[in-house]
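Single-letter residue listing:
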Amino acid sequence: MGAADFRVGGRIFATLASVKEGYGNLMLTPEHQRSFVEEQPEIFLAIHGGWGRMGATHIRLAEANEDVLTGALLTAFKLRVEMNQKAGKKKAGTSTRSRSKH
């Protein structure tokens, strides 16, 4: 979409799509998002709309120190790795079933 993004396994875990507004974007779970926002509402806020309801979270770049930013990025990275692994297992299971039917 023309903005810098950060990926693992071809899937996005963070972007700079809102950098002009002073935000980075993190792809979290709704549970992680709720925890981040509750613990540091001056730094984290849910993105509006459906993306936010699914866990997409703004991080106020000017307010976040290096440790907070690093921790948030690492959390988003680890969550994406876990989701990629789950998706891979589902695909592997589907293809195995398909092969066994033939």
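Residues numbered from 1 in each chain as written. Predicted model: local features only at pLDDT ≥ 70, side-chain atom pairs only at ≥ 80, totals over all residues. Heavy atoms only, no water.

Turning to the overall build of the protein chain, a few remarks are in order. Counting its regular elements, the protein chain contains three helices and five strands. For the protein chain, the sequential pattern of α-helices and β-strands runs β-β-β-α-β-α-β-α. Looking at the 102 residues of the protein chain, the share that counts as buried comes to 30%. Sequence-distant contacts in the protein chain: of pairs separated by 6 or more residues, those separated by 24 or more amount to 49%. When the accessible area of the protein chain is evaluated, it comes to approximately 7,100 Å², of which 57% is carbon and sulfur surface. (Helix = DSSP H or I, 4+ residues; strand = E, 2+ residues; numbered from the N terminus. Buried < 20%, exposed > 50% of the residue type's maximum accessible area, 1.4 Å probe, protein only. Contact = heavy atoms within 4.5 Å. Areas by Shrake-Rupley, 256 points an atom, 1.4 Å probe, with all protein chains shown as cover.)

Taking strand neighbours across the sheet as the criterion, the five strands line up as 1-2-3-5-4 in an open arrangement whose pairing is antiparallel. Edge positions in the sheet fall to strand 1 (5–8) and strand 4 (44–46), since each has one partner strand and no second. Between one strand and the next, the sheet's axes are offset by a mean angle of 35°, whatever the strand orientation. The pairing of strand 2 (residues 11–15) with strand 3 (residues 23–27) spans two bridges and is antiparallel. From the neighbouring strand, Thr-15 faces strand 3, where its bridge partner is Asn-25. (Pairing = 2+ DSSP bridges. Axes fitted to C-alpha atoms, helices over the stretch in contact; angles between N-to-C directions.)

With that settled, consider the side chain of Asn-25. Within the element layout of this structure, Asn-25 appears in strand 3. Asn-25 gets classed as buried once you look at its relative accessible area, which sits at 6%. Among the polar contacts made by the side chain of Asn-25, one reaches the side chain of His-58 at a distance of 2.7 Å. Among all residues touching Asn-25, those that are not within four sequence positions of it are Phe-13, Ala-14, Thr-15, Ala-17, Ser-18, Ile-47, Thr-57 and His-58. (Polar contact = N/O pair within 3.5 Å; in protein donor to acceptor, adjacent residues only side chain to side chain.)

As a further point, take the packing of aromatic side chains. Throughout the structure, instances matching the rule amount to two aromatic pairs. Here Phe-13 and Phe-77 contribute two aromatic rings whose centre-to-centre distance is 5.4 Å and whose plane-to-plane angle is 80°, an arrangement assigned as edge-to-face. Highlighted residues: Phe-13 in strand 2 and Phe-77 in helix 3 (residues 66–101), separated in sequence by 64 residues. Its relative accessible area of 9% is what places Phe-13 among the buried residues. (Phe/Tyr/Trp six-rings, centres within 6.5 Å; stacked < 30°, edge-to-face > 60°.)

With that out of the way, let us pick up the pattern of salt bridges. This model, assessed by the stated rule, comprises one salt bridge. Across the pair Asp-5 and Arg-7 runs a salt bridge whose closest N-O atoms are separated by 2.9 Å. Among the residues examined, Asp-5 registers a relative accessible area of 29% and is labelled partly exposed. Arg-7 sits in the partly exposed class, given a relative accessible area of 47%. (Salt bridge = Lys/Arg side-chain N within 4 Å of Asp/Glu carboxyl O.)

Counting residues in hydrophobic clusters, the biggest one holds 14 residues, and the most contacted among them are Leu-26, Leu-28, Ile-43, Phe-44, Ile-59 and Ala-72. Put simply, the parts of the chain that give this core at least two residues each are strand 2 and helix 3. (Core = buried A, V, L, I, M, F, W, Y, C linked by side-chain atoms within 4.5 Å.)

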